[in-house]
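Residues per chain, in single letters:
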Amino acid sequence: MKPTLLVLAAGMGSRYGGLKQIDPIGPSDETIIDYSIHDAIAAGFGKIVFVIREGFEKEFKELFDTKLAGKIEVGYVNQEIKKVPEGSSYNLDREKPWGTGHAILMAKECINEPFAVINADDYYGVEAFTTMADFLKNSISEQEYAMVGYKLANTISENGSVSRGVCSTNAIEHLETVVERIHIEKRSEGIAYKEDDKWIPLTGDTTVSMNFWGFKPQLFEHLEDQFRSFLAEAGQELKSEFFIPSVVAKIIDSKNTSVKVLKSDAQWFGVTYREDKEKAAKAILELVEQGVYPAKLWN
């Protein structure tokens, strides 16, 4: 059974100032998602599922349905604040989406096979998709997940703070802890994250999650249970988020599931901020010149 790629594309792009998910950066107006999908198809993924929002569903489908027709099966699910488990309550004044854990949960009804998860606005590299596809095709245990781990120094934006899941692993490269740090910056004295108005240093070799995960369908049960608990505790808050690293951390603590860390030395780039676009476009052009991608990705 070919694995599925779940693309998280429902973010509002508040720091970017627009729909970065479909903003062109390639020489023939390709988006970052286009390159991820191209790499996924080459690696042997059999289906793409996009998590989007109702507000831009029409534009999104018009863009991707045409270019992907005949190349891979495509599906869509909507992430909306109102989509919570029956019996749950939340603050009706909330405007911010619930986060990556909730986004993945939206795909529960349309994914029944091993699947990978990526962000729409991150470039991960060809090798990452090949490595993840191999894991998902060959891992037979429902209790074995995976994560592509990147070096923190390769994932920092020059234009502002970023959120990263800071990881620690054991001797056999299984994930032991992953803690979401929501304010990491490159400062004059080095890379650090901010917590309680204090800056805490991190080394450039620190392994971080870029939300490239490999899961089995069993994950959806964990997600639903944990999301119910999250809403009971934090549902009345306006900005609380249900992050997938936090979900994974609790699953690891239960001792029933392991998460294999697939290390990557690739240079990350993405479009968190508007100023990141020029750097991303330059990086793509260099990959085209190196022959990694054709100048026109889709025919």
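Up top is the structure these notes are about.
A short tour of the structure in this document, coming up. Given the structure is predicted, the values throughout are model-derived calculations rather than measurements.

**Side note on the overall build of the protein chain**
Now for step 1: Within the protein chain, the secondary structure is distributed over seven helices and 13 strands.
Now for step 2: Taking 2.2 N^0.38 as the reference for a compact globule, 299 residues should give roughly 19 Å; the C-alpha atoms of the protein chain span a radius of gyration of 18 Å, in line with that estimate.
Now for step 3: Each principal axis of the C-alpha atoms in the protein chain carries an extent, and together these give about 50 × 45 × 45 Å.
Now for step 4: Per-residue burial for the protein chain yields a buried fraction of 54% across its 299 residues.
Now for step 5: If you take every contact in the protein chain between residues at least 6 apart in sequence, the share linking residues at least 24 apart comes to 76%.
Now for step 6: Carbon and sulfur atoms make up 48% of the accessible area of the protein chain, which amounts to about 13,700 Å² in all.

**Describing the layout of surface pockets**
Now for step 1: Computed from the structure, the second largest pocket encloses a volume of approximately 240 Å³.
Now for step 2: Around the second largest pocket, the lining comprises 13 residues; the ones closest to its centre are Tyr123, Ala266, Gln267, Phe269 and Leu287.
Now for step 3: At the level of elements, α4 (126–138) and α7 (276–289) are the ones that each hand at least two residues to the lining of the second largest pocket.
Now for step 4: Split into classes, the residues belonging to the lining of the second largest pocket amount to seven nonpolar, three polar and three charged.

**Some points on the side chain of asparagine 211**
Now for step 1: Along the chain, the position of asparagine 211 falls in strand β11 (residues 207–215).
Now for step 2: At 3.0 Å, the side chain of asparagine 211 and the side chain of tryptophan 213 are in polar contact.
Now for step 3: The contact partners of asparagine 211, leaving out residues within four places of it in the chain, are Thr100, Val117, Ile118, Asn119, Tyr124, Ile244 and Pro245.

**Some remarks on the environment of glutamate 176**
Now for step 1: By the element assignment, glutamate 176 lies in strand β8 (residues 175–187).
Now for step 2: Since its relative accessible area comes to 41%, glutamate 176 is described here as partly exposed.
Now for step 3: Glutamate 176 sits 83 residues away from valine 259 along the chain, and the two C-alpha atoms are 8.2 Å apart.
Now for step 4: Ignoring sequence-local partners within four residues, the contact set of glutamate 176 consists of Ser168, Thr169, Asn170 and Ile252.

**Digging into unusual backbone geometry**
Now for step 1: Positive phi, close to 70°, is recorded for aspartate 29, a residue that is not glycine.
Now for step 2: The topology assignment puts aspartate 29 in the loop between β1 (4–8) and α1 (32–43).
Now for step 3: In the Ramachandran plot, asparagine 211 falls in the positive-phi region, its phi being about 60° despite a non-glycine side chain.
Now for step 4: Classification of asparagine 211 by relative accessible area gives buried; the value is 11%.

**Brief notes about the packing of aromatic side chains**
Now for step 1: The full count for this structure, using the stated rule, is 23 aromatic pairs.
Now for step 2: Positioned above the aromatic ring of tryptophan 268 is the side chain of arginine 164, whose terminal nitrogen or guanidinium carbon lies 4.8 Å from the ring centre.
Now for step 3: One Lys or Arg, arginine 187, reaches over the ring of tryptophan 199 and ends 4.0 Å from the middle of that ring.

**A look at the side chain of threonine 4**
Now for step 1: Inspection of the secondary structure assignment puts threonine 4 in strand β1.
Now for step 2: Setting aside its immediate chain neighbours within four residues, threonine 4 contacts Phe45, Lys47, Val49, Ile111, Glu113, Pro114, Phe115 and Ala116.

**A closer look at the pattern of salt bridges**
Now for step 1: According to the stated counting rule, one finds 13 salt bridges in the structure shown.
Now for step 2: Its salt-bridge partner being glutamate 57, residue lysine 61 comes within 2.8 Å of it at the nearest N-O pair. Remark: glutamate 57 and lysine 61 occur in helix α2 (residues 57–68); sequence separation between them is four residues, near one turn of the helix.
Now for step 3: A relative accessible area of 27% places lysine 61 in the partly exposed class.

**Let's talk about the environment of isoleucine 284**
Now for step 1: Among the structural elements, isoleucine 284 can be located in helix α7.
Now for step 2: Between the C-alpha atoms of isoleucine 284 and tyrosine 35, which are 249 residues apart in sequence, the distance is 9.0 Å.
Now for step 3: Apart from the residues lying within four places of it in its own chain, the contact partners of isoleucine 284 are Ile25, Gly26, Pro27, Tyr35, Tyr123 and Phe269.

Cut-offs used in this document
Residues numbered from 1 in each chain as written. Predicted model: local features only at pLDDT ≥ 70, side-chain atom pairs only at ≥ 80, totals over all residues. Heavy atoms only, no water. Helix = DSSP H or I, 4+ residues; strand = E, 2+ residues; numbered from the N terminus. Rg over C-alpha atoms; globule rule 2.2 N^0.38 Å. Buried < 20%, exposed > 50% of the residue type's maximum accessible area, 1.4 Å probe, protein only. Contact = heavy atoms within 4.5 Å. Areas by Shrake-Rupley, 256 points an atom, 1.4 Å probe, with all protein chains shown as cover. 1 Å grid on protein atoms, 1.4 Å probe; cavity = no way out; pocket = protein on both sides within 12 Å on 5 of 7 lines; lining within 4 Å. Points joined across faces, edges and corners; volume = space filled by probe spheres on them. Nonpolar A, V, L, I, M, F, W, Y, C, P; charged D, E, K, R; others polar. Polar contact = N/O pair within 3.5 Å; in protein donor to acceptor, adjacent residues only side chain to side chain. Phe/Tyr/Trp six-rings, centres within 6.5 Å; stacked < 30°, edge-to-face > 60°. Lys NZ or Arg CZ within 6 Å of the ring centre and 35° of its normal. Salt bridge = Lys/Arg side-chain N within 4 Å of Asp/Glu carboxyl O.

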